[in-house]
Amino acid sequence: CFDGVFLNWFIENNIVMTDHWHGISMYGAVDCRISNNTVMDPYLITPVDPFDNNSANIGPAWIRIDKKSTGPASTGNVVKNNLVANNVFITAPSMGIASNNLVLGALSNFSTHFVDVSDFRFPGNFDLHLKPGSTAIDAGDSINAPLVDYDGVPRPQGMAFDIGAYEYVPATSITENKEETIDWTLSPNPCQDKLSIILNTFEYNAQFRIYDALGRLVLASDITSGS
């Protein structure tokens, strides 16, 4: 966005993969927030002139707040909790603040953060969910950050908000449970496509809510006493 003023824009939970410097750029931004985005340039070299290997390269992608050549200055912006290939640039202190951003740097660093970036010939097949051990996990700031991630998973899932568009969801297991008032069994455990819930003694109304590993509601069922 080069021709602001852009007032009170929220740019959050986006995945940007581009072969250019401008991952997310705002020129003439006022009180805007750029948060929890994953901004990548998955290409090693992109010459300006594809027939001249000595020409300047395009990229890698950045997040940038800058001024317009004419018109009101950028001011009051916040850039936080972003995973970005190149860097975060706020070109003057008066334009805003940047915090809790993580620079990916070299392409070889991508595999330390993402579940699958194995084939750079096909970046559209990447799985950019955070993997265990990524320094982006629990490294974000919760103040005015989005309360859900790209998948709609609530933040945080751990001790703190994560950096980037995805919130890391730890692997969990389902265990059989028994209570004094309701004796019930669940099988098979773990399950793939079919699940049986059997209530052996049943005197009360019950509510079942089944969620997947990303915290999304899969099934909701209410069972009344005696049914």
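Our subject is the structure listed above.
> Just to check I follow, could you spell out the overall build of the protein for this structure?
Scanning the protein from N- to C-terminus turns up 0 helices and 19 strands. In the protein, once contacts between residues fewer than 6 apart in sequence are set aside, the share between residues at least 24 apart is 44%. For the protein, the computed accessible surface area is about 13,000 Å², with 53% contributed by carbon and sulfur atoms.

> Please explain the packing of aromatic side chains as it appears in this structure.
Two aromatic rings are characterised by how far apart their centres lie and by the angle between their planes. Here the structure, examined in full by the defined rule, presents 8 aromatic pairs. Ring plane angle 40 degrees and centroid distance 6.0 Å describe the contact between F110 and F120, whose orientation is recorded as tilted. Here F110, found in the loop between β13 (102-103) and β14 (114-116), pairs with F120, found in the loop between β14 and β15 (127-130); they are 10 residues apart in sequence, far enough to count as distant. A relative accessible area of 28% places F120 in the partly exposed class. Ring geometry for Y150 versus Y166: centroids 5.4 Å apart, planes at 65 degrees, classification edge-to-face. Of the two residues, Y150 is situated in the loop between β15 and β16 (183-187) and Y166 in the loop between β15 and β16; the sequence distance between them amounts to 16 residues. When its relative accessible area of 46% is taken as the criterion, Y150 is described as partly exposed. Given the relative accessible area of 10%, Y166 is considered buried.

So, how was this worked out
- Residues numbered from 1 in each chain as written.
- Predicted model: local features only at pLDDT ≥ 70, side-chain atom pairs only at ≥ 80, totals over all residues.
- Heavy atoms only, no water.
- Helix = DSSP H or I, 4+ residues; strand = E, 2+ residues; numbered from the N terminus.
- Contact = heavy atoms within 4.5 Å.
- Areas by Shrake-Rupley, 256 points an atom, 1.4 Å probe, with all protein chains shown as cover.
- Phe/Tyr/Trp six-rings, centres within 6.5 Å; stacked < 30°, edge-to-face > 60°.
- Buried < 20%, exposed > 50% of the residue type's maximum accessible area, 1.4 Å probe, protein only.

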